[in-house]
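The chain contents come next:
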Amino acid sequence: MGKTVTADLETLIARAGGWLPDWAVSALVLGAALMLALAVWRLVFGALNRLVAGRDLFWRSLVGRGAAPLRLVLAIAALRFALSLAPLGATMAAGLAQLLLVAFILCLAWIAWTALSIWTTLHLRRFKLDAEDNLLARKHVTQTRILMRVAKLVLILFATAAALMTFEPVRQYGVSLLAAGGAAGIVVGLALQPLLKNLIAGIQLAITQPIRIDDALIVEGEWGNVEEISSTYVVIRLWDWRRLIVPLSYFIEQPFQNWTRESAELIGTVLLYLDHRAPVEEIRAKGRDLAEASALWDGKVYALQVTDFRERVMELRVLVSARTAPRAFDLRCEMREKLIGWLQAEHPNALPRTREEIAVTAAAPSLAGEPG
């Protein structure tokens, strides 16, 4: 059946070639192929819409966002079939066939990326970073974003390599990209060493997750939250809204502090330096009252201890816990301010003071009346 249709089309085109130039016949054939592809696309797209109407959001989104790639695939297929019928020269036909093959490869990569993007969007809809307990959300968002960037890079790499392999003069470059073999692969590998290093670090971060989106970190002596993790660097939003840009490999090779690694809960520390006569038990009881009255305290940890005793002051350490690092910082400030205010009002003698000892010697009696 297919051979008969093809033979009939070839006969029709040959007759048209009797009274039209070859370029006009070729244009008509290619144009008719595009029109046919568009008509088929409308039929297929309508059928797919009806098929997924009752299914979940992923399939409906895939059909909706895959409309453009599907139309392009059908157009490429129709044009490739039309090339075998159009009265084109061998060189022209081969060149167009090569371009269509490259377009088909890129189209497949586009479809794969569209499917991954849809799945990622739907997956992340279940997690909210603005929730108070967002540990699970930060874990999934970090893994998904890093792996999506890696997947994008891999798709680009494979699509580029496959496209290069379709051209005989540069086929070896495509093979080198995939197999990293030969002199070209060595040169490319050396040139892309920083990129590959960060790419591997990104995969390690996605799997082991020493950091996540919105984690509270101390890096290079700066405190901030992870704002973005790209395929090569991490953006940390510092407490004063500055941005610290750090390479991905840093978090594999260098030590740093992560205040929210397993949970967002944190113990805050307040240090007080008071006179030796300060009433420790009363301060301890007042500190607990202040913690219990604060909306920032999570009710888990409170302690007040004398941690040092010096010649002029003694050091009191207050420990209080909170659900997040920002709340712990605010709670520390609140405890410090209210304890100092209470001490000033109730126990001013407990505040640090400097003691000096002055020795006064009695003056010797006057000898003015004695004979010289």
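What you see is a predicted model, and the numbers here were worked out from it, not measured in a lab.

What the three strands build is an open sheet, ordered S6-S8-S7; its pairing is antiparallel. Each edge of the sheet is formed by a strand with only one pairing partner; in this case those strands are strand S6 (266-274) and strand S7 (302-309). Averaged over all neighbouring strand pairs, the angle between strand axes comes to 25 degrees, with direction disregarded. Pairing of S7 with strand S8 (residues 314-322) involves seven bridges; the strand directions are antiparallel. By the bridge assignment for S8, Val-306 is matched with Leu-316.

Attention now goes to the nonpolar core. Ranked by size, the top nonpolar core spans 24 residues in total, and within it Ile-283, Tyr-302, Val-318, Val-320 and Met-335 carry the most contacts. Of all the elements, helix H12 (residues 325-346) adds the most residues to this core, at six residues. Counting residues in each nonpolar core, the second largest holds 20 residues, with Leu-124, Val-150, Ile-236 and Leu-248 among its members.

On to a nonpolar patch on the surface. On the surface, a cluster of nonpolar side chains totalling about 400 Å² of accessible area is made up of Leu-36, Val-40, Val-44, Leu-48 and Leu-51. Among the structural elements, Leu-51 can be located in helix H2 (residues 22-51). Owing to a relative accessible area of 58%, Leu-51 belongs among the exposed residues under this scheme.

Within the secondary structure, Asp-298 sits in the loop between helix H11 (280-293) and S7. Buried and unpaired, Asp-298 has Lys-300 as its nearest opposite-charge partner, separated by 5.0 Å. A polar contact is formed between the side chain of Asp-298 and the backbone nitrogen of Lys-300, at a distance of 3.0 Å. Within the structure, Asp-298 has its side chain in polar contact with the side chain of Ser-321 (distance 2.4 Å).

Turning next to the packing of aromatic side chains. Inspection of the entire model under this criterion finds three aromatic pairs. Centroid distance Trp-223 to Trp-259: 6.0 Å. Interplanar angle 50 degrees. Geometry classified as tilted. Taken together, the residues span a long stretch of sequence, with Trp-223 in strand S2 (residues 222-229) and Trp-259 in the loop between strand S5 (257-258) and S6 at a distance of 36 residues. Taking the centre distance of 5.5 Å and the plane angle of 80 degrees together, the rings of Tyr-250 and Phe-251 count as edge-to-face. Taken individually, Tyr-250 and Phe-251 each receive the classification buried, so the pair is uniform in this respect. Linked through ring pairs, Tyr-250, Phe-251 and Phe-256 together constitute an aromatic cluster.

Our focus in this paragraph is the environment of Pro-348. Inspection of the secondary structure assignment puts Pro-348 in the segment after H12. In contact with Pro-348, not counting residues within four places along its chain, are Leu-343 and Arg-353.

With a phi angle near 55 degrees, Glu-220 is a residue other than glycine that sits in the positive phi range. Taking the relative accessible area as the measure of exposure, Glu-220 reaches 58% and is therefore exposed. Located in the positive-phi region is Trp-241, a residue other than glycine, with phi close to 75 degrees. If you trace the backbone, Trp-241 turns up in the loop between strand S3 (233-238) and strand S4 (243-247).

A few words on the pattern of salt bridges. The full count for this structure, using the stated rule, is 11 salt bridges. The shortest N-O distance in the salt bridge between Glu-227 and Arg-243 comes to 2.7 Å. Residue Glu-227 is found in strand S2, and its partner Arg-243 is found in strand S4; the two are separated by 16 residues along the sequence. Residue class for Glu-227 comes out partly exposed when judged on its relative accessible area of 30%. Ionic pairing is found between Arg-284 and Glu-281, a salt bridge with its closest N-O pair at 2.7 Å. A residue pair is termed a helical-turn pair when its members lie 3 or 4 positions apart in one helix, as Arg-284 and Glu-281 do in helix H11 at three residues. In this structure, a network of salt bridges that share partners links the residues Glu-222, Asp-240 and Arg-242.

Before going further, it helps to examine the confidence of the model for the protein. Per-chain confidence: the protein averages 78 in pLDDT, with 78% of residues scoring 70 or above. Confidence, expressed as mean pLDDT per element, reaches its minimum in the protein at helix H8 (residues 182-191) with 44 and its maximum at H11 with 96. For residues 180-191, every residue scores under 50 in pLDDT, and the model assigns this stretch eight contacts once sequence neighbours within four places are set aside.

Cut-off values and rules
- Residues numbered from 1 in each chain as written.
- Predicted model: local features only at pLDDT ≥ 70, side-chain atom pairs only at ≥ 80, totals over all residues.
- Heavy atoms only, no water.
- Pairing = 2+ DSSP bridges.
- Helix = DSSP H or I, 4+ residues; strand = E, 2+ residues; numbered from the N terminus.
- Axes fitted to C-alpha atoms, helices over the stretch in contact; angles between N-to-C directions.
- Core = buried A, V, L, I, M, F, W, Y, C linked by side-chain atoms within 4.5 Å.
- Buried < 20%, exposed > 50% of the residue type's maximum accessible area, 1.4 Å probe, protein only.
- Patch = residues over 30% accessible without salt bridge, like charges linked within 9 Å, V, L, I, M, F, W, Y side chains within 5 Å.
- Areas by Shrake-Rupley, 256 points an atom, 1.4 Å probe, with all protein chains shown as cover.
- Salt bridge = Lys/Arg side-chain N within 4 Å of Asp/Glu carboxyl O.
- Lys, Arg positive; Asp, Glu negative; His and termini not counted.
- Polar contact = N/O pair within 3.5 Å; in protein donor to acceptor, adjacent residues only side chain to side chain.
- Phe/Tyr/Trp six-rings, centres within 6.5 Å; stacked < 30°, edge-to-face > 60°.
- Contact = heavy atoms within 4.5 Å.
- pLDDT = per-residue confidence, 0-100.

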